[in-house]
Amino acid sequence: GQIEPEIKYVLRREHWGKGLAQELVAATCGHAHQVWNLEVIIATVHPDNDVSHHVLQKAGFIRVADRVDEDGTTVVWEHRLLK
């Protein structure tokens, strides 16, 4: 039932700490805005995942809400195309 396009990523542990997530998020959002004309992209992250929160913040995402669903609490981040 979610209407917003969402970015998700997973990296194997041996690739952590190399800046790959940051590059992946930035490139994917740029592509989504430029090619697919998406104005808003969200990301959802577990509240305790400080590294992913930092990656999203560096990529220009803004923390907009905390959602409670069947899996527990999730932090919602949003990236908007600046016009």
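Values in this document were obtained by computation on a predicted structure and should not be read as measured data.

A. Quick peek at the environment of arginine 12. Topologically, arginine 12 is positioned in the segment before helix 1 (20-34). The exposed category is assigned to arginine 12, whose relative accessible area is 60%. With 33 residues separating them along the chain, arginine 12 and valine 45 place their C-alpha atoms 17 Å apart.

B. Structural detail: the sheet that holds strand 2 (residues 62-69). The strand order 1-3-2 describes an open sheet built from 3 strands, whose pairing is antiparallel. Of all strands in the sheet, those with a lone pairing partner are strand 1 (40-45) and strand 2, marking the two edges. Adjacent strand axes in the sheet meet at a mean angle of 30° when their direction is disregarded. Across 7 bridges, strand 2 lies against strand 3 (residues 72-80) in antiparallel orientation. The residue of strand 3 that forms the bridge with alanine 65 is valine 76. Running at roughly 150° to strand 1, helix 1 makes contact with strand 1 and strand 3 of the sheet.

The rules we used
Residues numbered from 1 in each chain as written. Predicted model: local features only at pLDDT ≥ 70, side-chain atom pairs only at ≥ 80, totals over all residues. Heavy atoms only, no water. Helix = DSSP H or I, 4+ residues; strand = E, 2+ residues; numbered from the N terminus. Buried < 20%, exposed > 50% of the residue type's maximum accessible area, 1.4 Å probe, protein only. Pairing = 2+ DSSP bridges. Axes fitted to C-alpha atoms, helices over the stretch in contact; angles between N-to-C directions. Contact = heavy atoms within 4.5 Å.

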